[in-house]
Amino acid sequence: MTKPAKVLYAKRAMLADGWAQDVQVTIDDHGNIAHIEKNQTTPDFNAESLQGVLLPGMANCHSHAFQRAMVGLAEVRSSQGDDFWGWRDTMYRFLAAIGPQELQAIAAQLYVEMLKAGYTGVAEFHYLHHAPGGACYDDPAEMSHAIIRGATDVGIQLTLLPVLYQFSDFGSVAAGPQQQRFLHDGERFQRLLEQLAASYPNSQQLNHGMALHSLRAVDEPLLHQGVATLKGLHPNGPIHIHIAEQEKEVAACLVHSGQRPVEWLLDHCNVDEHWCLVHATHLNKRECERLAASKAVAGLCPTTEANLGDGLFPAVDFLHSGGRFALGSDSHISVSPVEELRLLEYGQRLTHKRRTLLAGEAQPSVGASLYSQALRGGAQALGIKSGTIAAGMRADFIVLDDNDPTLYGKHNDQLLDSWIFASQRPNVKDVMVAGCWKIQDGRHINEEQIQQDFFRTIDRLNNQA
Ligand code: NGQ
Ligand code: ZN
């Protein structure tokens, strides 16, 4: 591992308490911020001068890495039209050929793309556990190792969320043949989590959590068992769940339990700041307020939710109630926090027929308000001390190139507004994860090799198809 940088010097930086000039940031050997000085017109002799604006890096709260290799393969109309469930069939056919080698190569390529776009951490919602056909690998953590290797090689921070999945629908309906690779009972899932905890101690590189695939995939006893397993191993580990994404799922939950999915979850689990409810698209007013009050994070994935025809999350009401959100790139139809935030705001403008909807009272700039909220919610969803530049936090940073026609001459918050609404390029010059540079001048040190492995994997998948 490269040695953490010690002292950085930025002409301009977005700190926890606002914008500052001539900022010197000292980083300790663990990759955390030791201290910060502002208005330091003469930097220390050993300080590294940054060629742009220093911002916190974004945490990506929701990823299914293998899906990056199927983008664009489900955009063709069939005679019956298409919906979320049709996309899911295509995705199930695609994943049948993904083994550990393919998963590692795809994940590595994706994680390089994430870093370059400004994501410094990712929560991997990992449910592709078993071999094609459903048999358990000799090592039950085989596919988890592939993801961890992909992330470690690239150097993005990983929060691994092994997914508990047993059923195909409400009422403990047995899983289908295409779902066999995802399945665990409570005991086998506990063994997987124990093995991962023993093999990989928590570190700056890797954090452990778990996910429940959805209320379709677990019944109530299994849900509680899974949560108890996580709490036994990692008391503060994040717990994620896909919820209320499709209207069909809301209707099925109502028939099965008499309650809507989010309502049911809030009534049956101790949903708190360790939880991330992914999508939570279909919320009524009461659910919206209760979810906000729970301090859980809503894991929003605007480009995937648009691509899959999910519907629109009630962001205005949720943020008005004080709700917390994070961004996820989910199916990776886009890998860009900028594009996610832009679509999040535009979705609201198009429905409410008004402008500047997701800015706060205290923070009237939409770009700055959205970026800082997504930073805070993202770090919470990944269970890491990141998302603001302050002493004691991780040194997860991006350097934004303000010597770009879209960003040049923009004052503080205007810079974020211009980046989020108007940039045509990522504009991310350098990226640091826990004190180590991973992207410098727009490039990752191993990007050619990683891309070659990815291309070979795609060729292999195409030849098999
Ligand atoms: C997934 N993806 O697990 O990859 C899901 C689809 C399902 C999204 N929800 C499968 N975007 O929900 O059953
Ligand atoms: Zn998902």
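All of the points below concern the structure found in this document. (Residues numbered from 1 in each chain as written. Chains lettered and ligands numbered in written order. Predicted model: local features only at pLDDT ≥ 70, side-chain atom pairs only at ≥ 80, totals over all residues. Heavy atoms only, no water.)

## Here's the deal with the overall build of the chain
At step 1: Counting secondary structure elements, the chain contains 14 helices and 20 strands.
At step 2: For 465 residues, the compact-globule estimate of 2.2 N^0.38 gives 23 Å, and the C-alpha radius of gyration of the chain, at 21 Å, lies within 12% of that figure.
At step 3: Expressed as lengths along the three principal axes of its C-alpha atoms, the size of the chain is roughly 65 × 50 × 45 Å.
At step 4: Relative to its full complement of 465 residues, the chain shows a buried share of 59%.
At step 5: Sequence-distant contacts in the chain: of pairs separated by 6 or more residues, those separated by 24 or more amount to 73%.
At step 6: For the chain, the accessible surface area stands at approximately 18700 Å², while carbon and sulfur atoms represent 50% of it.
At step 7: Of the side chains in the chain, 38 bear a positive and 53 a negative charge, and the two mean positions are spaced by 3 Å. (Helix = DSSP H or I, 4+ residues; strand = E, 2+ residues; numbered from the N terminus. Rg over C-alpha atoms; globule rule 2.2 N^0.38 Å. Buried < 20%, exposed > 50% of the residue type's maximum accessible area, 1.4 Å probe, protein only. Contact = heavy atoms within 4.5 Å. Areas by Shrake-Rupley, 256 points an atom, 1.4 Å probe, with all protein chains shown as cover. Lys, Arg positive; Asp, Glu negative; His and termini not counted. Charge placed at Lys NZ, Arg CZ, Asp CG, Glu CD.)

## Let's talk about helix α12 (residues 366–382)
For an α-helix, the turn length of 3.6 residues means that residues three or four places apart are oriented alike.
At step 1: Across its 17 residues, α12 extends 24 Å between first and last C-alpha, which sits within 8% of the 24 Å expected from 1.5 Å per residue.
At step 2: Counting buried positions along α12 gives 15 out of 17 residues, so the element sits mostly inside the fold.
At step 3: Following α12 by one or two positions, Gly-383 has its phi on the positive side, about 70°. (Expected span 1.5 Å × (residues − 1).)

## Observations regarding the site of ligand 1
At step 1: Around ligand 1, 14 residues are found, and the nearest of them are Arg-88, Tyr-127, His-213, Arg-216 and Glu-245.
At step 2: Here Glu-245 contributes a side-chain N or O atom positioned 2.6 Å from a nitrogen atom of ligand 1.
At step 3: If ligand 1 stood free it would expose 340 Å²; the protein chains cover 100% of that surface.
At step 4: Looking at the shell around ligand 1 element by element, the count peaks at 4 residues for helix α1 (residues 84–95).
At step 5: Partitioned by chemical class, the residues of the shell around ligand 1 number 5 nonpolar, 5 polar and 4 charged. (Near = heavy atom within 4 Å. Polar contact = N/O pair within 3.5 Å; in protein donor to acceptor, adjacent residues only side chain to side chain. Nonpolar A, V, L, I, M, F, W, Y, C, P; charged D, E, K, R; others polar.)

## Focus: the pairing of strand β14 (residues 275–279)
At step 1: In terms of burial, β14 is a largely internal element, 5 of the 5 residues being buried.
At step 2: Sheet topology note: the strand β13 (residues 239–243)/β14 ladder contains 5 bridges and is parallel. Looking at β14, one finds that Ile-243 is bridged to His-279.
At step 3: Alignment of β14 against strand β15 (residues 297–300), held across 3 bridges, turns out to be parallel. Bridge pairing links Cys-276 to Val-297 in β15.
At step 4: The β-α-β motif built from β14, the intervening helix α8 (residues 285–294) and the parallel element β15 has right-handed crossover chirality. (Pairing = 2+ DSSP bridges. Right-handed = clockwise from strand over helix to strand, strands pointing away.)

## Topic: a negative patch on the surface
At step 1: The grouping of Glu-75, Asp-82, Asp-83 and Asp-89 at the surface amounts to a negative patch.
At step 2: Position of Asp-89 relative to the elements: it lies in helix α1.
At step 3: Residue class for Asp-89 comes out partly exposed when judged on its relative accessible area of 36%. (Patch = residues over 30% accessible without salt bridge, like charges linked within 9 Å, V, L, I, M, F, W, Y side chains within 5 Å. Salt bridge = Lys/Arg side-chain N within 4 Å of Asp/Glu carboxyl O.)

## Things to note about the packing of helix α11 (residues 337–352) against helix α13 (residues 412–422)
At step 1: Contact pair α11 / α13: the axes reach a minimum separation of 8 Å and the direction vectors enclose 85°. Compared by their axis directions, α11 and α13 come out roughly perpendicular. Along the contact surface, α11 presents Val-338, Leu-341, Arg-342, Glu-345, Tyr-346 and Arg-349, while α13 presents Trp-419, Ile-420, Phe-421 and Ala-422.
At step 2: Among the residues forming the contact of α11 with α13, the class breakdown is 7 nonpolar, no polar and 3 charged. (Axes fitted to C-alpha atoms, helices over the stretch in contact; angles between N-to-C directions. Parallel < 35°, antiparallel > 145°, perpendicular 65-115°, else oblique.)

The analysis is restricted to geometry; functional conclusions fall outside its scope.
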